[in-house]
Amino acid sequence: MIAIDELWYRRGQFALIGLIVTLVAYLVFMINALGAGLLDQAGSAVKGLNADALVFADNANLSLQQSELAAETVAEIKAAPGVEQSSALGYVSVQPSEQPEKGPVAFLGFEAGTISAPALREGRELEAGETGAVLADKRFVEERGLGIGDTIEVSSRLQLYTFEIVGTVDEGPFFFQTPIWGAIEDFRLLKYGDDPDAPVATLVMVSGAADLVESVPADVPGTEAATPGQTFNSIPGVSAQQGTANAIQGFGLAIGAMVIGVFFYVLTLQKVGQIGVLKAIGASSWFVFRQLLLQVFIISIIGIVIALPLTIVTVNLLPSNVPLLVERDKILMAAILLLGTAVIGVLFSGRRIATVDPLIALGQQQ
Amino acid sequence: MTPNMIVTVDARGISKTYGDGENAVQAVRSTTFTANAGELIALVGPSGSGKTTLLAMLGGLLTPSEGSLTVGGVALTAEGNSKLAQFRRERVGFVFQGSNLLPYLTARRNLLAVAEIGGRTNGDPKEVADRLLDEMGLMERAKAYPSEMSGGERQRVAIARALMNDPALILLDEPTANLDTTRGRQVVEMLQSEVKQRNKTALMVTHDLRMAEYASRTLRIEDGVVTEV
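Now for a quick tour of the structure. (Residues numbered from 1 in each chain as written. Chains lettered and ligands numbered in written order. Predicted model: local features only at pLDDT ≥ 70, side-chain atom pairs only at ≥ 80, totals over all residues. Heavy atoms only, no water.)

### Digging into the overall build of chain B
Step number 1: Helix and strand content of chain B: seven helices and 10 strands.
Step number 2: Relative to the compact-globule value of 17 Å for 229 residues, chain B shows a C-alpha radius of gyration of 17 Å, a close match.
Step number 3: In terms of overall dimensions, chain B has C-alpha extents of about 55 × 40 × 35 Å along its principal axes.
Step number 4: A separation of at least 24 residues holds for 72% of the contacts in chain B among residues at least 6 apart in sequence.
Step number 5: Accessible surface for chain B amounts to roughly 9,600 Å². Of this, 45% is attributable to carbon and sulfur atoms.
Step number 6: Here chain B contributes 26 positively and 27 negatively charged side chains, and the mean placements of these two sets differ by 3 Å. (Helix = DSSP H or I, 4+ residues; strand = E, 2+ residues; numbered from the N terminus. Rg over C-alpha atoms; globule rule 2.2 N^0.38 Å. Contact = heavy atoms within 4.5 Å. Areas by Shrake-Rupley, 256 points an atom, 1.4 Å probe, with all protein chains shown as cover. Lys, Arg positive; Asp, Glu negative; His and termini not counted. Charge placed at Lys NZ, Arg CZ, Asp CG, Glu CD.)

Listed below in structure tokens is the structure:
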């Protein structure tokens, strides 16, 4: 094909633009990974909660920090019409005694054997009512050099509590913190001490009928509900953070489109004479533009294919405190967008090609 | 004209005017002539006489302002751009002044490009390209890029390219302008042989009257008016 022959003949020039496309793609993918990493830090465990709806206290504005549910309210929610499965979940931020510089962690109290139980990765499950034991997130054990059978000491309300790690899970961060999952009874102890009248949960996870988000608050006064996705988006800063990452990625794509567009436009201007010859011997403008599109497509694909492993290697080399996460679907979408913007970038060249008069082939010398 | 002669070009009273009103310039004036299959016609005339305009009209790069023009059975008086492109793909072969081969294609690929853009070849394009290169004595240069070839070789490749789509009319714009006399003669002799052998019509614009000697007849154009020499 003419387009590929030209790519090969001018390989030096095209390698240069290929390098630029690779760098633009690398930049876009890294921003994409940063956006995904920040979102993951915000609380992928929240988004991944296995429930149709999460029921909060109605004065909490879907806040995991503010919501507190009394025992009677939890019982009413669990008994509400349409609820087939339910489980209380408690969240409290605690500070491990060892390596405090790594910051506080989320203690998530769940009911063993219900929909709030995280999927076990290693070790054993918690038994119903088992206290003093936790399932630690894999990041928690990796960052702190811990393993199954080790004990950890955490402080809450100026008191120290000891837990044994009996298993690990991989549900992701919860509210910008690495979680450890324990019994709901331990959550109560950590957050409220021995007060028998204290709230018993942060929220209740419910599954069953399709309209639980609307029906449960209607049936149980003093509650409001949202899907896990809505709850995740209501985490303070998540929308602004994602908007920022998307905007930076958008700028990266726009700059990439302009760089590719300008390069191919200059190349088109240099080739006006050759385009005139092609058109003089019968090539249509569309045929000539197709060659350009094919070249842009090939160069962009090569750039993307090189940038992808480069991104993955970089993400793996950077320390884990840099929030980077390569999500296949998001990276694929960014790659498709990059291809699309590259094609948009050469539309001006298409306009120039259409205006080349084949008459210039007569009298010119190459 | 003998009874079996095939008329390739039938121009009747064609004119070409650029601009309008007081700025109008008539480059070709009321020209009538025919060209038949098997003829190599030389078109001579001073600079600015209208040679290029006439060549462009015959090749479907311009349409006449007045008169009727039929080339290879296609009336070119009022064709649109895409129809003209199709006409050029199917009925015309061009040989430009500086060969104008695509610099990023080898000799063989320059020929195959004609098929790639949609030109119809008389048989498998690769076989046709190889046969033409062989006839032009260029088989050993098939993989050479234009920058690696001599001027004579480039013009022979250009002639082979012009024959790829088996055209009714071959138009040559000063094909020997950049060649020394010996190579110029070789190229025109080759062209003359191809025209006779394939029963094609060729119209060659030239300043060099020595090259015009190879033509079966010569047309002279001056101030846009064509006369038979």
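### With respect to the sheet that holds strand S6 (residues 92-95) of chain B
Residues and elements named next belong to chain B.
Step number 1: As summarised here, the arrangement of the six strands in space is S6-S7-S8-S3-S9-S10, forming an open sheet in which the pairing is mixed. Both edges of this open sheet fall to S6 and strand S10 (225-228), since each of them pairs with a single strand only. Taking the axes of each pair of neighbouring strands and ignoring which way they run, one obtains an average angle of 20 degrees across the sheet.
Step number 2: As defined by bridge partners, strand S3 (residues 40-44) adjoins strand S9 (residues 217-222) across four bridges and the pair is classed as parallel. Across the sheet, the residue bridging to Ala-42 is Thr-218, located in S9.
Step number 3: Those strands touched by helix H2 (residues 81-91) are S6 and strand S7 (169-173), and its axis lies near 80 degrees from that of S6. (Pairing = 2+ DSSP bridges. Axes fitted to C-alpha atoms, helices over the stretch in contact; angles between N-to-C directions.)

### What about the side chain of Arg-161 of chain B?
Step number 1: You can see Arg-161 of chain B is positioned in helix H5 (residues 151-163).
Step number 2: Despite its burial, Arg-161 of chain B pairs with no opposite charge, the nearest such side chain being Asp-173 of chain B at 11 Å.
Step number 3: When neighbours within four sequence positions are excluded, Arg-161 of chain B is seen to be in contact with Val-277 of chain A together with Phe-96, Ser-99, Asn-100, Leu-101, Leu-102, Asn-110, Leu-111 and Val-114 of chain B. (Buried < 20%, exposed > 50% of the residue type's maximum accessible area, 1.4 Å probe, protein only. Salt bridge = Lys/Arg side-chain N within 4 Å of Asp/Glu carboxyl O.)

### A closer look at the pairing of S7 of chain B
For a regular strand, side chains alternate in direction, first toward one face of the sheet and then toward the other.
Residues and elements named next belong to chain B.
Step number 1: Across the five residues of S7, five count as buried, placing the element largely inside the fold.
Step number 2: Side chains Leu-169, Leu-171 and Asp-173 project from S7 onto one buried face, and the interleaved Ile-170 and Leu-172 project onto a second face that is buried too.
Step number 3: Where S6 meets S7, four bridges bridge the pair, whose relative direction is parallel. Each bridged residue has a counterpart across the sheet, and for Val-92 the counterpart in S7 is Leu-169.
Step number 4: As judged from the five bridges shared by S7 and strand S8 (residues 201-205), these two strands associate in the parallel manner.

### Brief notes about the interface of chain A and chain B
Step number 1: Tallying the contact residues gives 26 residues for chain A and 28 residues for chain B.
Step number 2: Roughly 2,500 Å² is buried in total at the junction of chain A and chain B, and carbon and sulfur atoms are behind 62% of that figure.
Step number 3: Considering only the surface of chain A that becomes buried against chain B, Tyr-9, Ile-281 and Leu-362 of chain A emerge as the three largest contributors, covering 28% of it.
Step number 4: Counting across the chain A and chain B interface gives one salt bridge.
Step number 5: Here Asp-5 of chain A ties to Arg-109 of chain B by a salt bridge, and the two come within 2.5 Å at their closest N and O atoms.
Step number 6: Joining chain A to chain B, the criterion identifies six residue pairs in polar contact (both at pLDDT 80 or more). (Buried area = accessible area lost by both parts, 1.4 Å probe. Polar contact = N/O pair within 3.5 Å; in protein donor to acceptor, adjacent residues only side chain to side chain.)

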